[in-house]
Amino acid sequence: MNPILNKKLSEVYRKLYHRYGPQNWWPGDGPFEVIIGAILTQSVSWRNVEKAISNLKAEQVLSPHALRKIDNETLGELIKPSLYFNNKALKIKAFLCYSEKYDDNLPCMFAQSTEVLRSELLSIYGIGEETADDILLYAAKKPIFVIDSYTRRIFQRLHLAPHLQTYTAYQDLFHSGLRPNSDMYGEYHALIDQHGAEICRKNPICNQCCLIDLCPTGQSNTATI
DNA sequence: GTCCAGGGCCTAC
DNA sequence: GTAGGCCATGGA
């Protein structure tokens, strides 16, 4: 582990934790709900996802077996609040198709190595790197860091972004600067997300950003995060 | 009325 | 390989 990087990343974590407290992510009930939530949250906020999950629960279809029985159109209607619903219905069905291989036994699916499981998840329609890593971290409890657009923006602003602006380069940054710990990775990502949502949406001009003294430019205007 | 948003797929070049 | 359009909608 890179000790200098570890110090910087730990400092960011400490400040975010002090500012926002424990996030206790993922806000889902069980690994299957986490997986469905990971697909539904693509490109939308969790508020939208909550309504969609609530609809699925109300119709008692939040299980692999029940979801297989409803058609794409009905599923699309239920998950409409999460936006891109036609696409997301296809993505959920694609995951269910994959899940059949394990008889919907998630512990059995998760028993594979991180590398093998990630590769399999990435082969499913509609599951890209971020969604695969959400599933690996929050459902399978594998120590893998999730990179999203908030992570990129915030760490660019802190001048901690990797030279190559790729998903893998960002992930390597965290993996080489932090000890592998799924609970901590989950908390860290949740804190980044909380901070990103607050800074980028609620307070685009924020003079009380908790990371301001870590920003090399020392600028209080965080609108460019 | 216009812009933007926690992602990923597809197509054109 | 990479940039841009598209999926859909609501809130600022």
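Only a predicted model underlies this, so the values are computations on that prediction, with no experimental measurement involved.

**Here's the deal with the overall build of chain A**
Stage number 1. Each helix and strand counted, chain A has twelve helices and zero strands in total.
Stage number 2. Counting helices and strands in the order they occur from the N terminus, chain A gives α-α-α-α-α-α-α-α-α-α-α-α.
Stage number 3. Oriented by its inertia axes, the alpha-carbon framework of chain A measures out at about 55 × 35 × 30 Å.
Stage number 4. The contacts of chain A with a sequence gap of at least 6 include a subset with a gap of at least 24, amounting to 65%.

**Things to note about the protein's contact with DNA strand B**
Stage number 1. In the vicinity of DNA strand B, 20 residues are found, and the nearest of them are Gln42, Trp46, Gly128, Glu130 and Thr131.
Stage number 2. Those elements that place two or more of their residues in the surface near DNA strand B are helix H9 (129-139), helix H10 (149-157) and helix H12 (182-202).
Stage number 3. Per-class residue counts for the surface near DNA strand B are seven nonpolar, nine polar and four charged.

**Observations regarding the protein's contact with DNA strand C**
Stage number 1. The environment of DNA strand C is formed by Leu83, Tyr84, Phe85, Asn86 and Asn87.
Stage number 2. Classifying every residue of the surface near DNA strand C gives three nonpolar, two polar and no charged.

**Some details on the domain arrangement of chain A**
Stage number 1. Domain assignment breaks chain A into domain 1 (3-23 + 146-214) and domain 2 (31-139).
Stage number 2. Taking only C-alpha atoms, the centre of domain 1 and the centre of domain 2 are 26 Å apart.
Stage number 3. Counting residues at the interface gives seven residues for domain 1 and six residues for domain 2.

**Examining the packing of helix H2 (residues 31-40) against H9**
Stage number 1. Running from N to C, H2 and H9 point in directions that differ by 155°, and their axes come no closer than 9 Å. With respect to H9, the axis of H2 lies roughly antiparallel. Classified by chirality, the crossing of H9 by H2 is right-handed. Across the interface between the two elements, Pro31, Val34, Ile35, Ala38 and Ile39 from H2 touch Thr131, Asp134, Ile135, Tyr138 and Ala139 from H9.

Parameters and conventions
- Residues numbered from 1 in each chain as written.
- Chains lettered and ligands numbered in written order.
- Predicted model: local features only at pLDDT ≥ 70, side-chain atom pairs only at ≥ 80, totals over all residues.
- Helix = DSSP H or I, 4+ residues; strand = E, 2+ residues; numbered from the N terminus.
- Contact = placed C-beta atoms within 7 Å.
- Near = placed C-beta within 6 Å.
- Nonpolar A, V, L, I, M, F, W, Y, C, P; charged D, E, K, R; others polar.
- Domains from an automatic or database assignment.
- Axes fitted to C-alpha atoms, helices over the stretch in contact; angles between N-to-C directions.
- Parallel < 35°, antiparallel > 145°, perpendicular 65-115°, else oblique.
- Left-handed = near helix turned anticlockwise from the far one by under 90°.

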